[in-house]
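# A structural walkthrough
Each chain, letter by letter, is given below.
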Amino acid sequence: MTTDQFEMADGDYVPDPEHDTALLIAGFFDHISATLQKQALPPGELVSAISAMRKRHAELEAANAHMVVDEASRYNLRITLAVVAAYEKLLPRLGRDAATRAVRDALVEPLGEAVHASTRAMLDAAPDPFRAMVDVSKAREEYAFGKTFTFQRSADDDQRYLLDIHRCFYHDVLTANSAAELTPVMCAFDGNWIEAIDPERHGFRFDRATTIGLGGATCPFHFTRTAP
């Protein structure tokens, strides 16, 4: 089985939001189902619980359709509202802390190894890992995030790529649905690719001191060479 599930190592990576979103949401609800199975729910009750989450997800998508302004926002809305739908249904059963952990793990874990492996494969194969990572970041800014995120670059040269996110669509959607406290759940997914970066091996480091979800004014995504 290939370790490069997202086909990043060939150097021509372009995000496929439709494909990636389908994988992410399928894995998300499968993980939630596994979480509920651990509570020894009767099979009928388990099926009913997941069905209720999916129904609520569809309702939320319809209610928030006005937030879609481009294709990227369509898929980002779908992902974010899946988290909201599951959280709403888990909250009465698990309580706030456990429900938050459940949706975080369901978002992060199913594709975690694949994202980590694809990122590491790309960086290991690249003649210039720093430049390869910056190119992936720029591709994702254009194709996977789009107009509903606001980016500002304070540096973009051969030594540094300092990107700051001043508007986060995930946070906007969660705030509009009275679930702003779930924004760190969305931030956590980035750990899968961040942890694939080895400064000694790849010659650059990544810094993200805070995020909007953690109370910061911006989300800094800062890439800096550590070696020539």
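Residues numbered from 1 in each chain as written. Predicted model: local features only at pLDDT ≥ 70, side-chain atom pairs only at ≥ 80, totals over all residues. Heavy atoms only, no water.

## Some remarks on the confidence of the model for the protein
On average, the protein scores 93 in pLDDT, and the residues at 70 or more come to 94%. pLDDT under 50 marks residues 1–6. Its contacts with residues more than four places away, or in other chains, come to 17 contacts. (pLDDT = per-residue confidence, 0-100. Contact = heavy atoms within 4.5 Å.)

## Focus on the packing of aromatic side chains
Aromatic ring pairs: the centre-centre distance and the angle between the two ring planes describe each pair. Tallied over the full model, the rule gives 14 aromatic pairs. Seen from their ring centres, phenylalanine 145 and tyrosine 170 are 6.5 Å apart, and the 80 degrees between their planes marks the pair as edge-to-face. Placement of phenylalanine 145 in helix H6 (residues 129–145) and of tyrosine 170 in helix H7 (residues 169–176) is noted, with a sequence separation of 25 residues between them. The class of tyrosine 170 is buried, set by a relative accessible area of 15%. Aromatic ring contacts, followed pair by pair, group Phe130, Tyr161, Trp193, Phe204, Phe206, Phe221 and Phe223 into a single cluster. (Phe/Tyr/Trp six-rings, centres within 6.5 Å; stacked < 30°, edge-to-face > 60°. Helix = DSSP H or I, 4+ residues; strand = E, 2+ residues; numbered from the N terminus. Buried < 20%, exposed > 50% of the residue type's maximum accessible area, 1.4 Å probe, protein only.)

## A word on helix H2 (residues 43–63)
The periodicity of an α-helix, 3.6 residues per turn, causes residues three or four positions apart to be oriented the same way. Here H2 is 21 residues long and its end C-alpha atoms lie 30 Å apart, about the 30 Å a rise of 1.5 Å per residue gives. For H2, the full list of buried residues reads Leu46, Ala49, Ile50, Met53, His57 and Leu60. Within H2, the buried residues cover an arc of 90 degrees as seen down the axis, which keeps them to one side. The outward face of H2, more than 90 degrees from its buried face, is lined by the exposed residues Gly44, Val47, Lys55, Ala62 and Ala63. Where H2 is buried, its residues touch helix H1 (17–37) and helix H3 (71–94). (Expected span 1.5 Å × (residues − 1). Arc of directions from axis to C-beta.)

## What to know about the nonpolar core
Residues Phe28, Ile32, Leu36, Val103, Leu107, Met133 and Phe223 are the most contacted members of the largest nonpolar core, which totals 60 residues. A per-element tally of this core places H3 first, with 10 residues. Excluding residues within four positions of it along the chain, isoleucine 32 makes contact with Ile50, Met53, Ala86, Leu90, Ala102, Val103 and Ala106. (Core = buried A, V, L, I, M, F, W, Y, C linked by side-chain atoms within 4.5 Å.)

## With respect to the state of the cysteines
Enumeration over the complete set of coordinates arrives at 0 disulfides. The thiol sulfur of cysteine 168 is not disulfide-bonded, and the nearest other cysteine sulfur, from cysteine 219, lies at 5.5 Å. Using a relative accessible area of 6% as the deciding quantity, one classes cysteine 219 as buried. (Disulfide = S-S within 2.5 Å.)

## Some points on the environment of alanine 114
Looking at the element boundaries, alanine 114 is found in helix H5 (residues 112–125). The class for alanine 114 is buried, based on a relative accessible area of 13%. For the pair alanine 114 and asparagine 192, spaced 78 residues apart in sequence, the C-alpha to C-alpha distance is 8.6 Å.

## Examining the side chain of threonine 21
Tracing the chain through its elements places threonine 21 in helix H1. Of note is the side chain of threonine 21, whose polar atom sits 2.6 Å from the backbone oxygen of proline 17. Contacts of threonine 21, omitting those with residues within four sequence positions, involve Tyr75, Arg78 and Ile79. (Polar contact = N/O pair within 3.5 Å; in protein donor to acceptor, adjacent residues only side chain to side chain.)

## So, the pairing of strand S2 (residues 160–167)
Here 6 bridges tie strand S1 (residues 150–156) to S2, and the two strands are oriented antiparallel to one another. Residue pairing in the sheet places aspartate 156 in a bridge with tyrosine 161 of S2. Connecting the antiparallel pair S1 and S2 is a turn made up of 3 residues. Pairing between S2 and strand S4 (residues 219–225): 6 bridges, direction antiparallel. For tyrosine 161, the partnering residue across the bridge sits in S4 and is phenylalanine 223. (Pairing = 2+ DSSP bridges.)

## Side note on the pattern of salt bridges
Summed over all chains, the structure comprises 16 salt bridges. Between arginine 78 and glutamate 61 there is a salt bridge; the shortest N-O distance is 3.2 Å. Within this pair, whereas arginine 78 is found in helix H3, its partner glutamate 61 is found in helix H2, the two being separated by 17 residues in sequence. The class for arginine 78 is partly exposed, based on a relative accessible area of 26%. (Salt bridge = Lys/Arg side-chain N within 4 Å of Asp/Glu carboxyl O.)

## Here we look at the packing of H1 against H2
Direction vectors running N to C along H1 and H2 enclose 145 degrees, while the axes themselves pass 10 Å from each other. Here H1 and H2 pass one another in a crossing that is right-handed. Judged by residue contacts, Ile25, Phe29, Ile32, Ser33, Leu36 and Gln37 of H1 engage Leu46, Ala49, Ile50, Met53, Arg54 and His57 from H2. Each residue belonging to the contact of H1 with H2 can be placed in one class, and the counts come to 8 nonpolar, 3 polar and 1 charged. (Axes fitted to C-alpha atoms, helices over the stretch in contact; angles between N-to-C directions. Left-handed = near helix turned anticlockwise from the far one by under 90°. Nonpolar A, V, L, I, M, F, W, Y, C, P; charged D, E, K, R; others polar.)

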